[in-house]
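Survey of secondary and tertiary structure
Given next are the chains, with one letter for each unit.
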Amino acid sequence: MKKEARNEMTGYPSIDRPWLKYYSDEAINVEIPHMTAYDYICLCNKNRLNETAINYFGRLITYEELFHKINKCASQFAQLGVGKGDIVSICMPTTVETIVAFYALNSIGAISDMLDPRSNKDQLKFYLKENESEILVLFDACYFKIKEIISETNIQKVILVSAADSMPTVTKIGYYIKNRKKQKKSLHDDLFITWKKFCELEENNKGKVVEYEKNKSALLVHSSGTVGTPKGILLSNDNLNALAFQYKLTSLELNRRERFLTAIPAFAAFGMVASVHLPLSLGLYTIVQPRVTAENMVKLCLKYKPNHCNTVPHNYEVLTSSKTVKDLSFFHNLGCGGDMINENLEKKIEDELIRKKSKGKLYKGWGMSELASTATLEMPTCRKIGSVGIPLVKNIISIFEPGTDKELTYDEVTEPIEKNVASYDLSEMDWAEYLTHFTYLVEGLKDYRDELSKKHSDIDQKICDILHYIELCETDDNEAADLVELLRVCRENRRDIKDELQRIEYFQNNLGTNANAAKAKQALKCIKGLETRK
């Protein structure tokens, strides 16, 4: 019997669940599969092994080849002593190796700790020490950053991966020529091994495939710290599979063999869950790219003509407003999240899609890392400007009075709580964590500031290059419009970086001084001394 919204509404979302009217009987009553993330993509594609799973710079990998790579990689990890419950850190952009490593670890019951390769060395040291991982799969561009701090961690083996490892030969040669000026790495140390050498390890110890366990951790992602101290977030096989499975139950048409562009990095929950696990579990033709930005989104879409994509609003803004793009009829679903979007921009993108012959729509969603990315989603049967859709069918959304567990009704409004000393329960404060975070923050500021200054300099150079090109070369109207748009994006990015540099300066001058960091370390030492006293 269909579990429709109650006729007698109570006013409480968790009881009424009015969104169920948009779902079928089958969607409401079906159970989410109970299995590991790897077993789930195997189950979903067992009868279509010869279909393309991944397109990586033109190299096509079938589901059969992908599963073979994963099984072999699982054996190699087992050879290094990795087993059930172990944490292995993966500091990578989205490449074939990132995907293979995650599912290989998942198949033997290990947990993938996803780290952002853009992090500075102090941040990486903090995460590696916190998780006590002994194996690190590392993007080779981060080699020198890691080499400086590796002795201060528990890492016993580093597997270096190049973005070119799975590229076709011609593309790989071009990549190495383009990057030939970068400093060469010295791999004489037994601590480091290349991905190629890792794959050649003698398979004396086959990876033991583990049985599914309910709520068993599979993925560790890290919050950005935008609403507090950055933290690790554990997601289970059930979390990953629930999201992928519930997309099948929406009215979105995501059909096998259709093209999906991975535009969110795999080190984020939105990336690994909603942009890797989701399309692979749906049997989509997944276009994998290490880096997708507003600047290269246009080229990627014109080259690969994806039918589906999940990315941030700004990427869609640049894509749809580009004069180079005349036809977007290949786009079916434009999943939008990860950042705010106002109604004017939403309408602008929608208008451009229509003008450029696309029947696809912008489908907005809301979620967070703790929810494996998506919690609510728009779909063809439920769309409205300014909305973020309805809960996925197995989710329940409630409204609570801030700071309490009291559920509110739809139209009930509480007075906003003014933040003051009384708003914080200091008995819940982890003083050691707070002081540690403060000292790492102060110590990492120099590298972060230098990184931002370099980005600012690079953008200034790019702006100069564009202006020189406009001055020296003849351009048609379309190319000129694209260059103007690129200038706008560059200038916006430059402004954002300058604002961030100004914020850093305010912090450093008033609070984040070396003297205060030293005081924090002394206070931390005293607090830890309390733990060891007799």
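Relevant structure appears above.
Described in the following lines is the structure provided in the data block.

Analysis parameters
- Residues numbered from 1 in each chain as written.
- Predicted model: local features only at pLDDT ≥ 70, side-chain atom pairs only at ≥ 80, totals over all residues.
- Heavy atoms only, no water.
- Helix = DSSP H or I, 4+ residues; strand = E, 2+ residues; numbered from the N terminus.
- Rg over C-alpha atoms; globule rule 2.2 N^0.38 Å.
- Buried < 20%, exposed > 50% of the residue type's maximum accessible area, 1.4 Å probe, protein only.
- Contact = heavy atoms within 4.5 Å.
- Areas by Shrake-Rupley, 256 points an atom, 1.4 Å probe, with all protein chains shown as cover.
- Lys, Arg positive; Asp, Glu negative; His and termini not counted.
- Charge placed at Lys NZ, Arg CZ, Asp CG, Glu CD.
- Disulfide = S-S within 2.5 Å.
- Salt bridge = Lys/Arg side-chain N within 4 Å of Asp/Glu carboxyl O.
- Pairing = 2+ DSSP bridges.
- Axes fitted to C-alpha atoms, helices over the stretch in contact; angles between N-to-C directions.
- Phe/Tyr/Trp six-rings, centres within 6.5 Å; stacked < 30°, edge-to-face > 60°.
- Parallel < 35°, antiparallel > 145°, perpendicular 65-115°, else oblique.
- Left-handed = near helix turned anticlockwise from the far one by under 90°.
- Nonpolar A, V, L, I, M, F, W, Y, C, P; charged D, E, K, R; others polar.

**A closer look at the overall build of the protein chain**
- For the protein chain, the helix and strand inventory stands at 17 helices and 18 strands.
- On C-alpha atoms alone, the protein chain measures out to a radius of gyration of 25 Å, which is about the 24 Å that the 2.2 N^0.38 rule sets for 534 residues.
- With the principal axes as the frame, the protein chain shows a C-alpha extent of 65 × 65 × 55 Å.
- With 534 residues in all, the protein chain has 45% of them scored as buried.
- Intrachain contacts of the protein chain at a sequence separation of at least 6 include 71% that bridge at least 24 residues.
- A total accessible area of about 28,100 Å² is found for the protein chain, and carbon and sulfur atoms account for 51% of it.
- Computed over 72 positive and 74 negative side-chain charges, the inter-centroid distance for the protein chain is 4 Å.

**Digging into the state of the cysteines**
- Here the structure, examined in full by the defined rule, presents zero disulfides.
- Here C199 stays unpaired: no disulfide links it, and the sulfur of C73, its closest cysteine neighbor, is 6.3 Å away.

**Digging into the pattern of salt bridges**
- Applying the stated criterion across every chain, the model contains 25 salt bridges.
- Residues R256 and E51 are paired through a salt bridge, measuring 3.6 Å at the closest nitrogen-oxygen approach. With R256 in the loop between α10 (237-248) and β10 (259-262) and E51 in the loop between α3 (37-45) and β1 (52-56), this residue pair connects regions lying 205 residues apart in the sequence.
- Owing to a relative accessible area of 22%, R256 belongs among the partly exposed residues under this scheme.
- Judged by relative accessible area, which is 13%, E51 ranks as buried.
- A salt bridge links E352 to K356; the nearest nitrogen and oxygen atoms lie 3.9 Å apart. Taken as a pair, E352 and K356 share a single burial class, namely buried.
- A cluster of three or more residues bridged by salt bridges with shared partners is formed by E317, K348, R488 and E492.

**Structural notes on the sheet that holds strand β7 (residues 192-194)**
- Spatially, β7-β6-β5-β3-β4-β8-β9 is the arrangement adopted by the seven strands of the open sheet, whose pairing is mixed. The open sheet has two edge strands with one neighbour each: β7 and β9 (232-236). In this sheet, neighbouring strand axes are inclined to one another by 25 degrees on average, regardless of whether the strands run parallel or antiparallel.
- Here three bridges tie strand β6 (residues 157-161) to β7, and the two strands are oriented parallel to one another.

**Concerning the side chain of E317**
- Mapped onto the elements of the fold, E317 is located in helix α13 (residues 313-321).
- Ignoring anything within four residues of it in the chain, the contact list for E317 reads L345, K348, I349 and R488.

**Quick notes on unusual backbone geometry**
- The backbone of R17 shows a phi angle near 45 degrees, a positive value even though the residue is not glycine.
- Judged by relative accessible area, which is 22%, R17 ranks as partly exposed.
- Residues other than glycine seldom take positive phi values, yet E132 does so here, at roughly 55 degrees.
- In this fold, E132 is placed in the loop between α6 (121-131) and β5 (135-139).

**Some details on the packing of aromatic side chains**
- Applying the stated criterion across every chain, the model contains 14 aromatic pairs.
- Between Y143 and F144, the ring centres sit 4.8 Å apart and the planes meet at 85 degrees, which makes this aromatic pair edge-to-face.
- On the basis of relative accessible area, F144 is assigned to the partly exposed category, the value being 31%.
- With 5.3 Å between their ring centres and 50 degrees between their planes, W195 and F198 make a pair best called tilted. Highlighted residues: W195 and F198, both in helix α9 (residues 195-199), separated by three residues, approximately one helical turn.

**Examining the packing of α10 against helix α11 (residues 269-281)**
- Following both chains from N to C, one finds α10 and α11 inclined at 60 degrees, their axes separated by 9 Å at the closest point. Taken together, the axes of α10 and α11 are oblique relative to one another. As α10 runs across α11, the sense of the crossing is right-handed. Across from L240, N241, L243, A244, Y247 and K248 in α10, the residues of α11 making contact are V273, A274, H277, L278 and S281.
- Along the lines of polarity and charge, the residues of the contact of α10 with α11 split into seven nonpolar, three polar and one charged.

**Points about the packing of α13 against helix α14 (residues 343-355)**
- Put simply, α13 and α14 touch, their axes get as near as 9 Å, and they point 40 degrees apart. With respect to α14, the axis of α13 lies oblique. As α13 packs across α14, the resulting crossing turns out to be left-handed. Together, P313, Y316, E317, T320 and S321 of α13 and L345, K348, I349, E352 and L353 of α14 make up the contact between the two elements.
- A class-by-class count of the residues in the contact of α13 with α14 yields five nonpolar, two polar and three charged.

Any functional reading would require information that these geometric values do not contain.
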